[in-house]
Structures are given as C-alpha cells and as structure tokens.
Amino acid sequence: MVPVVLISGVVLYFASIFLFNDPNCSSSDLLHSLRFTSSPQFGHDSSPTNLSHFLFGLLGSEQAWHYRKEYIESWWRPNKTRGYLFLDVAPKGDDLLPWSSSSPPYRVSDNITQLLEETKHVAPTMARMVHGIMEVFREEHEGVRWVVMGDDDSVFFVDNMVDILTRYDHTKYYYLGGQSEYLLSNHWYSFNQAFGGAGFILSYPLAKAMSKYIESCLRRYPFLRSADQITMIDLRGDISGLLSSHPKAPLMSLHHLDAADPIFPSMERLQSVHHLMKAAKFDQSRMLQQVICYNRPTNWSFSISWGYSVHVYENIFPRSHLQLPIETFQPWGVTPKDPPYYLLNTRFPTNDSCQAPHVFFMENVEKTKKNEILTTYSRPSPRGLLACSYSGNHSADYITKIEVYSPRRKRIEMDRCECCDVMHKTGTNKANIKLRECHMDEIIA
C-alpha cells in the first residue's frame, strides 16, 4: 500500500471522481501528480492537527436518511465535528423534523438537472457526488486542513483519522483513499483509484483547486461510471471473517453496512453499529487490531480482534495462517469463474475441528481500577464440532467467556504488532488475556 492510501477498513469503496487536470481532466495523470506535488502558495501552520481541522461532506438521500441517520449519529460529535449532510430534497416527516441536533446540519444539493440533460450523463448519482465536493468547499473555510467526503451510511473513526492525518503536510496536494478488496472492481475502474462512499480525503489546497473545475470535468466526462453508486459494495453477506482478521492498519471507516449481515449475530444491524462504537469510545487506536497469542499447555491459539471478536483454535497455528481472513463474505455482483477474487489472501471456512475456531463476540467494554480497558467476549452459539483429536490438544468447548485487558493509553506505533499473555486455569470456563508490547527479543510463532 502506498503511503498516501490511508483509509483502511472493511468496506472501503472510494469514488474515482477527481476528473480534472490542467486543462484536460485526466484522472490517471491527476492521481500521479497530486500525490507528490506541493503547493507552496499556502502558508504552513505547524500546530497539531485536531478534529476541528476536518470538514465533512456527507452525501445522502431524504428517503434513506429516515433509517440511515443512526449510522452517522453513532460517530458524529455535535459542536465538535464540522461538516454537512447534503440531501437530494428537503427533509420531511415527523421523524426528521424538527432536525436533530445529533445529526450534521443539512443542505439540499444543487439542482444539476440541466447539466445532466445537456451531457446525457450515464451516472447521475455519481455526478451529484462529484458536484458535492464543490458544494461542501464553499460552505466554510476557516481553519480547514482536510475535506472528507463520504456517504450517509458511512461510519467514521475520527480519532484514528486525526492521528493519521497529523503526520501529513496539509499544505500539499493530497488525495487519500483505499483500494477495493474486490479484484474485479480494481480491474474495471483502475488499481490506481480510491473507491466509493466509505470516504476519501482531500487536503484543503487540493479541494480548493478541484472546486474550480468540477462542472467543467462533469461536462467533459459524462461517460465515467466509477462512483460508489456504480461499484456498490465490494463485499457482502457475513463480513465477520474480515473484521476478525483486519489488516494491521488503523480502522478509518466502515461503509454500506446495509448490504452486509449485522456484524454482531445476536443484534439487529443498527444495534450492531452502536455496540461496536461503544468500544470505539474507549480506544479507536486498537479497533479491530489483531493480536495473536498461545496457551501452550492446552495447544490453543488465540486471535483477538480488539473490540469485536476472539477466535480460539484447538491447535497451534503460525501467525501467517491466522492473519488470513476466513472467507465468510462474498464479492458483490459478478463473480469470476475462477479465483482469485480479492486483493487479499483468504482461507475457506471448514468443519475440521482442528482448523475451525470457537468464535466469541464482544459483549461489554469498561474501565478497570488498574488503569486498563476490559473487553469481554462471549459465544453466540456452541461451535457444534467434536474436539480436535491431535495428541496433546484439549477441547475448548467449556470456555464461555474471554476477558481481554488492554492499556488505557492509545497505540502509538501502529506498524508494530502487540503481543499478549493467556491466563487460564484448566477446567474453568473463562480465559483472561492481557495485551502488552512485544519484547525486543520475542520470537513470534
């Protein structure tokens, strides 16, 4: 992953809509040049980046906002987060009016019907999303360093965004996003673009430059289809396999959860989102970060996805194996006849009791008196398989609860794995795990 492709997460589908160049609107040339070109005409403010330096532009529809507003309200911080929700028409209905103070202030998107008719644009929704860059930029400027565009079903982890963006010079031209996990989406729309409404980030100088050319580029390129509404979601169904083996990178956003199963199997979709955000309020730096450790007396491997799940295997597996997501999910749309399907390696679900994990999901999160964070995980249902028959291996069927203790301080060195110690007394139904920094000379299996 190149350094500027920052946004990572489960469903990261960023729109390739930066369609201007000087003066030919070449999207491929733009990506190449904007990543590395500075903008010397902007003075440099060396104060640390914080949330007030972000301006969010969220694109939505009035019809969908009736049931999607809880996605945004789960992370939006009134009087702290800056930005606007752009609706296609003015809100109506007792459930929307008067407008909630827990939601972003709304605006009605510009009427670009004439432009669409003139150009016969093949993707009107994409055109509206592109136009939204200009609309959010004109709203306010003071103190803005980064402009973040997303959809109305995006869940952002803003603390992680601040921690990452503070390392970048906001006076330069930066376009930040992430590739799709689905191989064909990258093949169809370019491996060198960001995907969809889960969020892409523009430095302020770049947003300012782009806002001048948006309508010109929409007129010049009415045949482009690469916005989020076209690519849709790249993974669907049960995405727990990917969430449980998240890449070693800060979780920035989740998107299009409407097309995925509820991420916690015992909850409804919106309830699942709010439940995940409970952990995010304690520590976003560890959200979904995978930590692997072992209990040698029982030959168990533990894979912790902090704030989400714990997998227990009745076998000792190397980290390289456990870091592969279990392919519980499916690609969106056209499925190739033969693999590979994704830009990441996966492993298939199995009923082999020596390969299949016992799965536990987060039940509760709280602070302890010892300056730690305690996340508790429980089974949604029994594994339903016989014990692993390898010599020396032990059944984990009787384990019903796992407690994970982590430091209250946020992770600073995100490029380094954490390690952990397992504390379990044979025969008891609970295992305790303590996260810690890895020792310099520690050999990781």
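Fair warning: this is a prediction, and the values are worked out from it, not measured in the lab.

Novice: Outline the sheet that holds strand β8 (residues 200-203), listing residues and values.
Specialist: In spatial order, the strands read β4-β3-β2-β5-β8-β7; together these six strands make up an open sheet with mixed pairing. Each edge of the sheet is formed by a strand with only one pairing partner; in this case those strands are β4 (106-108) and β7 (175-176). Relative to β8, strand β5 (residues 146-151) runs antiparallel, the two being bridged by four bridges. Paired with V148 across the bridge in β8 is I201. Sheet strands touched by helix α4 (residues 124-137): β2 (54-59), β3 (83-87), β5 and β8. Its angle to β5, the strand with the most contacts, is close to 145 degrees. On top of the sheet, helix α7 (residues 204-211) reaches β5, β7 and β8; it is set at about 90 degrees to β8, its chief contact.

Novice: Give me the packing of aromatic side chains: which residues, what numbers.
Specialist: For the coordinates displayed, the defined rule picks out 20 aromatic pairs. What links up through ring pairs into an aromatic cluster is the set F54, F56, W75, W76 and F156. Its guanidinium or amino end placed over the ring of Y294, R296 lies 4.9 Å from that ring's centre, counting from NZ or CZ.

Novice: Now, about the state of the cysteines: what can you tell me, with residues and values included?
Specialist: Applying the stated criterion to the full structure yields three disulfides. Shown here is the disulfide that connects C293 with C420, its sulfur atoms set 2.1 Å apart. Disulfide C293 to C420: torsion about the S-S bond roughly -110 degrees, handedness left-handed. You can see C293 sitting in strand β11 (residues 290-295) and its partner C420 sitting in strand β18 (residues 418-423), a full 127 residues away along the chain. Like C420, C293 is buried. Put simply, C354 and C388 are joined by a disulfide, and their sulfur atoms are 1.9 Å apart. With the S-S dihedral at roughly 100 degrees, the linkage between C354 and C388 falls on the right-handed side. With C354 in the loop between β14 (329-331) and β15 (358-367) and C388 in the loop between β16 (372-378) and β17 (401-407), the pair connects residues that are 34 residues apart, well separated along the chain. A relative accessible area of 5% means that C388 is categorised as buried.

Novice: Account for helix α5 (residues 158-165), with residues named and values stated.
Specialist: Extensive coverage of α5 is indicated by the burial of six of its eight residues. Listing the buried residues of α5 in full gives V158, N160, M161, V162, I164 and L165. Those residues of α5 that are buried are in contact with β2, β5, β6 (155-156), β7, β8 and β10 (251-254).

Novice: Go over the pattern of salt bridges, please, and point to the residues and values.
Specialist: Scanning all chains against the criterion turns up 16 salt bridges. Residues R68 and D152 are paired through a salt bridge, measuring 2.7 Å at the closest nitrogen-oxygen approach. You can see R68 sitting in helix α2 (residues 62-73) and its partner D152 sitting in the loop between β5 and β6, a full 84 residues away along the chain. One salt bridge connects R411 with E418, and the closest N-O pair in it is separated by 3.9 Å.

Novice: Outline unusual backbone geometry, supporting the account with residue identities and numerical values.
Specialist: Going from L97 to P98, the amide bond is cis rather than trans, its omega being 0 degrees. Its place among the elements puts P98 in the loop between β3 and β4. Positioned with a positive phi, N371 is a non-glycine residue whose angle comes to about 60 degrees.

Novice: Mind laying out the sheet that holds β18, listing which residues take part and the relevant values?
Specialist: Overall, mixed pairing links the eight strands, which are arranged β11-β12-β13-β15-β16-β17-β19-β18 in an open sheet. With partners counted over all chains shown, the strands left at the sheet margins are β11 and β18, one partner each. Pairs of neighbouring strands in the sheet enclose a mean axial angle of 25 degrees, with direction left out of account. Note: β18 against strand β19 (residues 430-437), six bridges, orientation antiparallel. Each residue of the ladder has a partner; that of D421, found in β19, is K434. Contacting β15 and β16, helix α11 (residues 269-282) crosses the sheet at an angle of about 50 degrees to β15.

Novice: Describe the packing of α4 against α7, and please don't skip the residues or the numbers.
Specialist: Axis separation between α4 and α7 bottoms out at 9 Å; the angle between their running directions is 115 degrees. In terms of their interaxial angle, α4 and α7 are classed as roughly perpendicular. Note that α4 runs across α7; the crossing there is left-handed. Residue-level inspection shows I133, M134 and F137 of α4 in contact with α7, the latter providing Y204, A207, K208, M210 and S211.

Conventions used here
- Residues numbered from 1 in each chain as written.
- Predicted model: local features only at pLDDT ≥ 70, side-chain atom pairs only at ≥ 80, totals over all residues.
- Heavy atoms only, no water.
- Pairing = 2+ DSSP bridges.
- Helix = DSSP H or I, 4+ residues; strand = E, 2+ residues; numbered from the N terminus.
- Contact = heavy atoms within 4.5 Å.
- Axes fitted to C-alpha atoms, helices over the stretch in contact; angles between N-to-C directions.
- Phe/Tyr/Trp six-rings, centres within 6.5 Å; stacked < 30°, edge-to-face > 60°.
- Lys NZ or Arg CZ within 6 Å of the ring centre and 35° of its normal.
- Disulfide = S-S within 2.5 Å.
- Buried < 20%, exposed > 50% of the residue type's maximum accessible area, 1.4 Å probe, protein only.
- Salt bridge = Lys/Arg side-chain N within 4 Å of Asp/Glu carboxyl O.
- Parallel < 35°, antiparallel > 145°, perpendicular 65-115°, else oblique.
- Left-handed = near helix turned anticlockwise from the far one by under 90°.

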